[in-house]
Amino acid sequence: MTPIPIDALTELDAAIELAALARDIARHDRLYHAKDQPEITDADYDALVARNRAIEARFPQLIRSDSPSRRVGAAVAEGFAKSRHGEPMLSLDNVFSPEEFSDFCKRIRRFLGLAESDALHFVGEPKIDGLSINLLYENGVFIKGATRGDGAEGEEVTANLLTIPSLPRHLTPPFPASIEIRGEVFMEKADFLSFRATQEAAADAREARRAAGEKLGDAVVIPANPRNAAAGSVRQLDARITATRPLKLLAYAMGAASEAPAETHHDFLGALRRWGFAVNPLSRRLESEDAAEHFQAEIGAGRAALPYDIDGVVYKLDRIDWQRRLGFVGRAPRWAVAWKFPAEQAVTKLLDIEIQVGRTGALTPRAVMEPVNVGGVVVRHATLHNEDEVTRKDVRIGDTVMLQRAGDVIPQILGVVLERRPADAKPYAFPLNCPACGSHAIRDGEDVVRRCTGGLTCPAQATERLRHFVSRRAMDIEGLGEENIQTLFDAGLIKSPADIFRLHQQRDALARFEGWGERKIGKLLEAIEARCSVALERFIFALGIRRIGEQNAKLLARHYHNLEAWRAAMIAAHIIGSEAREELGSIQGIGPAIAEELVEFFAEPRNLAALDDLAGEVSPLAVEETNAADSAFAGKTMVFTGTLEKMTRDEAEVLAERLGAKVTKSVSKKTDFVVVGADAGSKAAKAAELGVKILTEAEWLDLSAP
Ligand code: IVH
């Protein structure tokens, strides 16, 4: 059927056709993105999009809220639009015992400078295993919702969240003008079981159709646990599917807000209820550490009878002013912790031990086992950590082993059930050569890890480095997953990170891969192009230098500000005793072992060549001097010494960093301020000698006050 020329369309024709186009394009997007099973060619798809645009251009008043033109580009390409959280969504540190919980309390007391006798009040909340989400309300109206994603930005899933009955669309006044509410979307156990039964029936029916030679639609996903079921449901590309899933929502935290709604977490939960959110009715205010310990036992005892799965209890310090002072370390708050229940255990048979080669050449033994159900999850693999661990546990192929799974942690082998050892089981001989490249695998000094000496010539190391480089927390190149990296590496198209940014010169070669159409290639190249400028800290982390995780990468980026300065300093730091080495060692959080790792990385010509090659393709963004530009300490180097009275030194150092200062441990010519508390020793003397500005605690408090 030839389409009616745009000029000849009546308004009614146009409205009908736009509705049909919105539906059809959404369906083709789904076929393409969700399952890689497009039904039409890229050219036909482009024609539909073009037709939709042309009609909208003539009848702008008819543009639909679900119009495909509103979702073009990245949004459509990736299925969901990205949504940046007003404040990052963090994770929680775990504790597993009263001792560890007590250590957590001690750390709080130490940081805040409280006495043993000062009571800490907490709120305990069952920790439901679901999917955490962030909901933005403006003037009391639900504006948008997103998944946690990498913590800084997630996927916008507003339409899907709107299908959850317990999500308030409007808040009951009074409420802050703008507030982000965080909570957990989850599926109750009974709902999960019936949902899974439905999916299994659908999978069987699909199998029968396949046997009958019919053309099949999307595969049916059978979720392994309620968490996966909830996550999969919220991440459906079609909200109508989400609407059929039995999802619930419980709210428990907030992100950015225009005003503080409460002074304690307990009162905040009250505010959440008044606004219209469901809050876990088991949440309880606890007036001491002992009360928390009792609560842990009580919830643990009632756990099996709860309608939903929990894996522990979250304890949050009640006073919000204290929460603010404590702040965060890495990705977790200092003021809250997840106290996990003991791990689930099971027994199974060890079939094999595989050796995996990591990006730094570490040989890691991995157990392959007869599949076994451990606390609701089917487990086939477990880590054996390293050579010594294999020796210590004396695990042998054919052994029956005891497994443990703690929360989301990778399953571990606890030990061997010796009574069931087969008579012919031989001790495992750890390989002395890399299974990937055959190079010698050696152990250095005290290192428990045996490493391949092949360096970048080892294909396993090279691909692992590339995988790390493109991974979400590193360069975050969408579309370059594990499999694609292997394909491109095997084909010789990428050997080093810089090659990724030259892939655009290889369009023809890419098009020869099975299933790589124009659209897929275009999207991949676009995603790569988009990463040509990234934050310096991501860039540093992406290099995959040993011991340089996200946190250390951030410290380095903040300290050196740009790639050139960092590169020059790392090379200069090669000389022990040099100013550059001293400076590196003085960065708060960078210890000698880390400094050594950095210097070694830069001393290796192949690494430097790969870095420079990469820097020719990618320009990491310089770190702005500070995000607190008007503070007196922005961009300044500070040292704290002696005992402070009004806050602990830890707290003062964190505060100084928040104000944009660099905190170092030793005084040098580069130090701008030394804050001197009581009983200050040699550092104060050195500051006086070098003519560095000295501040008393009172002056510091005055200048640092908001
Ligand atoms: S508070 C800074 N409260 O646990 C506070 N989290 O490991 C961060 N979770 O991503 C979160 N129940 O998915 C908080 N009552 C609760 C929770 C809870 C479950 C999950 C949440 C979060 C993860 C952190």
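Not measured: the values here are computed from a predicted model.

J.: Mind showing me how you'd approach the overall build of the chain here?
T.: Of the regular secondary structure elements, the chain holds 26 helices and 24 strands. A burial count over the chain gives 45% of its 706 residues as buried. Expressed as a percentage of contacts within the chain between residues at least 6 apart in sequence, the contacts between residues at least 24 apart total 68%. A total of about 34,600 Å² of accessible surface is found on the chain, and carbon and sulfur atoms cover 52% of it.

J.: I'm lost on the sheet that holds strand S21 (residues 637-641) in this one. Help?
T.: One key point about sheets: their strands pair by backbone hydrogen bonds, in either a parallel or an antiparallel sense. Strand order in the open sheet made by the four strands is S22-S21-S23-S24, with parallel pairing throughout. The open sheet has two edge strands with one neighbour each: strand S22 (662-663) and strand S24 (693-696). Pairing geometry for strand S23 (residues 673-676) and S24, over four bridges, is parallel. Note that in S24 the partner of Val676 across the bridge is Thr696.

J.: Please explain the environment of Ala336 as it appears in this structure.
T.: Of note, Ala336 is situated in strand S13 (residues 336-340). In sequence terms Ala336 and Asp318 are 18 residues apart; their C-alpha atoms lie 9.5 Å from each other.

J.: Please explain the site of the ligand as it appears in this structure.
T.: Around the ligand, the surrounding shell holds 14 residues, and the nearest of these are Glu125, Lys127, Arg148, Glu184 and Lys316. In this structure, Glu125 approaches the ligand through a side-chain N or O atom, which is 2.6 Å from a nitrogen atom. Separating an oxygen atom of the ligand from a side-chain N or O atom of Lys127 is a distance of 3.3 Å. Contact with the protein chains covers 88% of the free accessible surface of the ligand, which is 520 Å². Of all the secondary-structure elements, those providing two or more residues to the shell around the ligand are strand S3 (122-128) and strand S10 (310-317). No other element matches S3, which puts three residues into the shell around the ligand.

J.: Any chance you could explain unusual backbone geometry here in plain terms?
T.: Generally, phi is negative for residues other than glycine and the peptide bonds are trans, each holding for most cases. Following Pro173, the chain continues to Pro174 via a peptide bond in cis, the omega torsion being 0°. Secondary-structure assignment places Pro174 in the loop between helix H5 (158-161) and strand S7 (178-186). Unusually for a residue other than glycine, Asp476 sits at a positive phi of about 55°. Judged by its relative accessible area of 12%, Asp476 is buried.

J.: Would you take a moment to explain the pairing of S3 for this structure?
T.: Side-chain positions along a regular strand alternate between the two faces of the sheet. A large share of S3 lies buried, amounting to six of its seven residues. Here S3 runs beside strand S9 (residues 284-286); their pairing, made up of three bridges, is antiparallel. Bridge assignment links Phe122 to a residue of S9, and that residue is Leu286. The pairing of S3 with S10 spans seven bridges and is classified as antiparallel. The residue of S10 that forms the bridge with Glu125 is Val314.

J.: Can you help me understand helix H17 (residues 518-530) in this one?
T.: Along an α-helix, residues three or four positions apart point the same way, because every turn accommodates 3.6 residues. If you check H17, its first and last C-alpha atoms are 18 Å apart, about what 13 residues at 1.5 Å a residue would give, namely 18 Å. Three or more residues of H17 are buried, namely Arg519, Ile521, Gly522, Leu524, Leu525, Ala527 and Ile528.

J.: Whenever I open this one, the side chain of Glu597 confuses me. Can you help?
T.: Within the element layout of this structure, Glu597 appears in helix H22 (residues 592-603). Taking relative accessible area as the criterion, Glu597 reaches 13% and is therefore assigned buried. For Glu597, the residues in contact, after removing those within four places along its chain, are Ile545, Arg546 and Arg547.

J.: Where do I start with the sheet that holds S9 in this structure?
T.: Pairing in this open sheet of five strands is mixed, and the strands run S2-S13-S10-S3-S9 from one edge to the other. Pairing within the sheet leaves two strands with one partner each, and these edge strands are strand S2 (94-95) and S9. The sheet strands contacting helix H9 (residues 265-275) are S3, S9 and S10, and the helix crosses S3 at an angle near 55°. The sheet contacts of helix H10 (residues 289-302) involve S3, S9, S10 and S13, and relative to S10 the element is tilted by about 160°.

J.: Even after reading the chapter, I still don't get the pairing of S21, so can you show me in this structure?
T.: Burial within S21 is extensive, with five of its five residues counted as buried. Of the two faces of S21, the one carrying Thr637, Val639 and Thr641 and the one carrying Met638 and Phe640 are both buried. Across two bridges, S21 lies against S22 in parallel orientation. Across the sheet, residue Thr637 finds its bridge partner in S22, namely Lys662. Of the crossover connections in this fold, the one passing from S21 over helix H24 (residues 649-658) to the parallel S22 is right-handed. Pairing geometry for S21 and S23, over four bridges, is parallel. In the strand pairing of S23, Phe640 is matched with Val675.

J.: Help me understand the packing of aromatic side chains, please; the structure alone is not making it clear to me.
T.: Aromatic rings in a pair are described by how distant their centres are and how their planes are angled relative to each other. All told, the structure shown has 20 aromatic pairs when counted by the stated rule. Ring centres 5.6 Å apart and planes at 55° place the aromatic pair Phe101 and Phe122 in the tilted group. With Phe101 in helix H4 (residues 98-112) and Phe122 in strand S3, the pair connects residues that are 21 residues apart, well separated along the chain. Each of the two residues, Phe101 as well as Phe122, counts as buried. Taken together, a centroid distance of 6.1 Å and an interplanar angle of 35° make the contact between Phe104 and Phe122 tilted. With Phe104 in helix H4 and Phe122 in strand S3, this residue pair connects regions lying 18 residues apart in the sequence. For Phe104, a relative accessible area of 2% corresponds to the buried category. The rings of Phe101, Phe104, Phe122, Phe295, Tyr315 and Trp339 are connected pair by pair, giving a single aromatic cluster.

J.: Even after reading the chapter, I still don't get the nonpolar core, so can you show me in this structure?
T.: Most often, soluble globular proteins have nonpolar side chains that are buried together. In this structure, Ile500, Leu556, Trp566 and Leu584 are the most contacted members of the largest nonpolar core, which totals 59 residues. For this core, the leading source of residues is H22, giving six residues. If sequence neighbours within four positions are ignored, Leu584 has contacts with Leu556, Tyr560, Met570, Ala573, Ile590, Ala595, Leu598 and Val599. Counting 33 residues, the second-largest nonpolar core is a separate cluster that includes Leu167, Ala231, Ala262 and Ala271.

J.: Help me understand the confidence of the model for the chain, please; the structure alone is not making it clear to me.
T.: Interpretation of the predicted coordinates at a detailed level should be avoided for regions scoring low in pLDDT. Taken over all residues, the pLDDT of the chain has a mean of 88, while the share at 70 or more is 94%. Confidence drops under a pLDDT of 50 for residues 72-78, and excluding neighbours within four residues, the segment shows 12 contacts in the predicted structure.

J.: Would you explain a negative patch on the surface in this entry?
T.: On the surface, a cluster of negative charge is made up of Glu99, Glu100, Asp290 and Glu293. For the negative patch, the secondary structure elements donating two or more residues are H4 and H10. Structurally, the position occupied by Glu293 is in helix H10.

J.: Help me understand the pattern of salt bridges, please; the structure alone is not making it clear to me.
T.: Pairing is possible between side chains that carry opposite charge, provided their charged atoms lie close to one another. What the rule picks out here adds up to 43 salt bridges. Among the salt bridges present, the one from Glu550 reaches Arg331, with a minimum N-O distance of 3.8 Å. Highlighted residues: Glu550 in helix H19 (residues 550-560) and Arg331 in the loop between strand S11 (328-329) and strand S12 (332-333), separated in sequence by 219 residues. A relative accessible area of 27% means that Glu550 is categorised as partly exposed. Residue Arg331 is classed as partly exposed on the basis of its relative accessible area of 30%. Close ionic contact of Lys670 with Glu579 constitutes a salt bridge, the shortest N to O distance being 4.0 Å. With a gap of 91 residues between them, Lys670 in the loop between S22 and S23 and Glu579 in helix H21 (residues 579-586) connect regions that are remote in the sequence. Classification of Lys670 as partly exposed rests on a relative accessible area of 45%. Look at the salt bridges and you will find they share partners, linking Glu387, Asp388, Arg443 and Arg450 into a network.

Basis of the calculations
- Residues numbered from 1 in each chain as written.
- Predicted model: local features only at pLDDT ≥ 70, side-chain atom pairs only at ≥ 80, totals over all residues.
- Heavy atoms only, no water.
- Helix = DSSP H or I, 4+ residues; strand = E, 2+ residues; numbered from the N terminus.
- Buried < 20%, exposed > 50% of the residue type's maximum accessible area, 1.4 Å probe, protein only.
- Contact = heavy atoms within 4.5 Å.
- Areas by Shrake-Rupley, 256 points an atom, 1.4 Å probe, with all protein chains shown as cover.
- Pairing = 2+ DSSP bridges.
- Near = heavy atom within 4 Å.
- Polar contact = N/O pair within 3.5 Å; in protein donor to acceptor, adjacent residues only side chain to side chain.
- Expected span 1.5 Å × (residues − 1).
- Axes fitted to C-alpha atoms, helices over the stretch in contact; angles between N-to-C directions.
- Right-handed = clockwise from strand over helix to strand, strands pointing away.
- Phe/Tyr/Trp six-rings, centres within 6.5 Å; stacked < 30°, edge-to-face > 60°.
- Core = buried A, V, L, I, M, F, W, Y, C linked by side-chain atoms within 4.5 Å.
- pLDDT = per-residue confidence, 0-100.
- Patch = residues over 30% accessible without salt bridge, like charges linked within 9 Å, V, L, I, M, F, W, Y side chains within 5 Å.
- Salt bridge = Lys/Arg side-chain N within 4 Å of Asp/Glu carboxyl O.
- Lys, Arg positive; Asp, Glu negative; His and termini not counted.
- Charge placed at Lys NZ, Arg CZ, Asp CG, Glu CD.

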